[in-house]
Amino acid sequence: MPSVLQDKNIVLGVTGSIACYKALDLTSKLAQQGASVDVILTTDAARFVTPLAFRSLTHRPVVTDMFDTHSELAVEHVALARRAEILAIAPATAHTLARLAQGLADDALTATALATEAPLLLAPAMDAHMWDHPATQHNMSLLRDRGAVVVGPGAGRLASGLVGMGRLAEPTEILGHIQAVLGRNSDLAGRTIVISAGGTREPIDPVRVITNRSSGKMGYALAEAARDRGARVILVSTVQGLDDPPAVEMVRVETAEQMKQAVLNATSQADALIMAAAVADYRPASVAPSKVKKSSNQWALDLEKTDDILAQATNPLVRIGFAAESNDLLQNARAKVTEKNLDLIVANDVTAEGSGFGADTNKVLLIHPNNQVDDLPLMSKPEVAHQVLDRVAAILQRKTHPEPQDHPCRHP
Ligand code: PMT
């Protein structure tokens, strides 16, 4: 599955801030994923970074002057505005945000912003006092009301020495939001999908937990893929070692009981649930209030069953489970489709090389309720995610717009 950025026309505006260096990283990431990137540098941005640096990454001319006879804008004033599928401005200074809010067109970047019908994404970067100023906040709310997607700024130490809001969002964060905007009209547009990821942690005492080997990679790959296909994604996660996927709503949990509450809450309005999390089947029947001391040679733990989340989350139209098996994969997974009344189960043999827990790849069988089995080759987890979402999109389509013959015949 190609990246949502493949062959997309992205116009990247870069304005005068010390954070300009991060725009080079963003440009490189966009180009690596197959996007065609046209960079417009403001005069001040060109003092921080050279047009040559961007041209070397994009292999395209860089626009610095609206009246430059070599620039594409000079050939056709709104050429970039028309070609753009998104106009992203990163970093966006307070001054540029003010010009955009006012609708000025006094340089190549603001003229393009005024002329384009493409969505506008803004990643502000400035000193904390400038960000907090009522004028900037007013400009931001004007721009948001007009539909601009705003990414960041983050908090931290700023170039001025101040600590506060104003740091440019990280390039990966901006990239994720660009992907979400570009995927807006894809096959999962308008759908809400709840995805669970990671292994639950069941406390024994304040120090110890019972957990499993899930890294969360499979669930996170699903979340990013669903976002890139236009879905609103709610990710219920126990994961600690991965960055939050940008443009995804995060709900953090730890235990099976917390995951159950979060999933039931999130799915009350969702179209689909995909349970990629490895949920504890048993938890300690009681949690010791203080650390259990090493006194005897043996320690027997009394365990009780957890609730089955998939079985209880009956609200979504489409419900997908995963089956982590170490033997009799097909047989065990088929039984779970029936027991949990699922629309699909993704069965992985967690003992196979490059498959299951922690791996970057997975080898899965997609098992349908009619016993159809799609035996997929070993592929990356993002590729598996797209294969699963192809089925989710098709099942949603079938359930929301059934073919006439799917209706019971009321008037023979
Ligand atoms: O996270 P990674 O390192 O990338 O690894 C991915 C994975 C191996 C965790 C993933 O591919 C996977 O198989 N997830 C499901 C693991 C699991 O718990 O399987 P199960 O066969 O025990 O459960 C069947 C289904 O019921 C699962 O969808 C599970 O989320 C769900 N379940 C289980 C127990 C429970 N109390 N409630 C549930 O809803």
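Residues numbered from 1 in each chain as written. Predicted model: local features only at pLDDT ≥ 70, side-chain atom pairs only at ≥ 80, totals over all residues. Heavy atoms only, no water.

**What to know about the domain arrangement of the chain**
Accessible area lost when the parts come together is the quantity often used to give the size of an interface. What the domain assignment reports for the chain is domain 1 (9-182) and domain 2 (192-290 + 301-400). Here the C-alpha centre of domain 2 lies 37 Å away from the C-alpha centre of domain 1. When domain 1 packs against domain 2, the two sides together hide about 440 Å² of surface, and 55% of this comes from carbon and sulfur. Here domain 1 and domain 2 share zero salt bridges between them. Summed over the shared surface of domain 1 and domain 2, the result is one residue pair in polar contact (both at pLDDT 80 or more). Looking at the side of domain 1 that touches domain 2 residue by residue, the class counts come to one nonpolar, four polar and one charged. (Domains from an automatic or database assignment. Buried area = accessible area lost by both parts, 1.4 Å probe. Salt bridge = Lys/Arg side-chain N within 4 Å of Asp/Glu carboxyl O. Polar contact = N/O pair within 3.5 Å; in protein donor to acceptor, adjacent residues only side chain to side chain. Nonpolar A, V, L, I, M, F, W, Y, C, P; charged D, E, K, R; others polar.)

**A short note on the pairing of strand 4 (residues 120-124)**
Most of strand 4 is tucked away, with five of its five residues classed as buried. Here strand 4 shows no split at all, with Leu120, Leu122 and Pro124 on one side and Leu121 and Ala123 on the other all buried. In this structure, strand 3 (residues 86-92) lies alongside strand 4, joined through four bridges in parallel fashion. When the sheet's bridge partners are listed, Leu87 is paired in strand 4 with Leu120. Direction of pairing for strand 4 relative to strand 5 (residues 149-150): parallel, over a ladder of two bridges. Following the sheet pairing, Leu122 is matched in strand 5 by Val150. (Buried < 20%, exposed > 50% of the residue type's maximum accessible area, 1.4 Å probe, protein only. Helix = DSSP H or I, 4+ residues; strand = E, 2+ residues; numbered from the N terminus. Pairing = 2+ DSSP bridges.)

**Examining the sheet that holds strand 5**
Strand order in the open sheet formed by five strands is 2-1-3-4-5, and the pairing between neighbours is parallel. In this open sheet, the two strands that pair with only one neighbour each are strand 2 (36-41) and strand 5.

**As for the site of the ligand**
For the ligand, the set of nearby residues contains 29 residues, the closest of which are Ser214, Ser215, Lys336, Asn348 and Gly358. Between Ser214 and the ligand, the recorded distance is 2.6 Å, taken from a side-chain N or O atom to an oxygen atom. Within the contact set of the ligand, an oxygen atom lies 2.5 Å away from a side-chain nitrogen or oxygen of Asn348. Protein contact buries 96% of the 770 Å² of open area that the ligand shows by itself. Breaking the shell around the ligand down by element, the ones donating at least two residues are helix 11 (217-228), helix 13 (309-312) and strand 16 (318-325). Sort the elements by how many residues they give to the shell around the ligand and strand 16 lands first, with four residues. Each residue belonging to the shell around the ligand can be placed in one class, and the counts come to 13 nonpolar, nine polar and seven charged. (Near = heavy atom within 4 Å. Areas by Shrake-Rupley, 256 points an atom, 1.4 Å probe, with all protein chains shown as cover.)

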